[in-house]
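# Chains, contacts and geometry: an overview
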Amino acid sequence: MTKEQLSQWVTLIASVTLSATVLSMVVVFMFGFFDEKVDNVKLFEIVGPAFQTVIGGFLGLITGIKIGDKE
């Protein structure tokens, strides 16, 4: 496997993982959002930073891989 193929493979895996993670978070968020027992203010306080952390980490990874390809 060449360096370019490895880079493409890692980018694909990171993108699929990011998609699955965000989809899972949205599904769980929606269950909590429509559950009468859950306080939505607390839900937003918890979910907001989690989304930012997950998405920021994966985008940083993908960006780093793409920048490394160009060098």
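Residues numbered from 1 in each chain as written. Predicted model: local features only at pLDDT ≥ 70, side-chain atom pairs only at ≥ 80, totals over all residues. Heavy atoms only, no water.

On to the overall build of the protein chain. Scanning the protein chain from terminus to terminus reveals two helices and zero strands. Radius of gyration (C-alpha) of the protein chain: 16 Å, far over the 11 Å computed for a compact globule of 71 residues. If you line up the protein chain on its principal axes, its C-alpha atoms span 55 × 15 × 10 Å. Every one of the 71 residues in the protein chain was classed for burial, and the buried ones make up 17%. Sequence separation of 24 or more characterises 72% of the internal contacts of the protein chain that already satisfy a separation of 6 or more. Accessible surface computed for the protein chain: about 5,400 Å², of which carbon and sulfur atoms make up 70%. One way to put it: in the protein chain the 5 positive side-chain charges average out to a point 7 Å from where the 7 negative ones average out. (Helix = DSSP H or I, 4+ residues; strand = E, 2+ residues; numbered from the N terminus. Rg over C-alpha atoms; globule rule 2.2 N^0.38 Å. Buried < 20%, exposed > 50% of the residue type's maximum accessible area, 1.4 Å probe, protein only. Contact = heavy atoms within 4.5 Å. Areas by Shrake-Rupley, 256 points an atom, 1.4 Å probe, with all protein chains shown as cover. Lys, Arg positive; Asp, Glu negative; His and termini not counted. Charge placed at Lys NZ, Arg CZ, Asp CG, Glu CD.)

So, about the side chain of S7. Relative to the assigned elements, S7 resides in helix α1 (residues 3-34). Apart from the residues lying within four places of it in its own chain, the contact partners of S7 are I65 and D69.

Attention now moves to the environment of Q8. Along the chain, Q8 turns up in helix α1. Of the residues examined, Q8 reaches a relative accessible area of 43% and is grouped as partly exposed. With 54 residues separating them along the chain, Q8 and I62 place their C-alpha atoms 10.0 Å apart.

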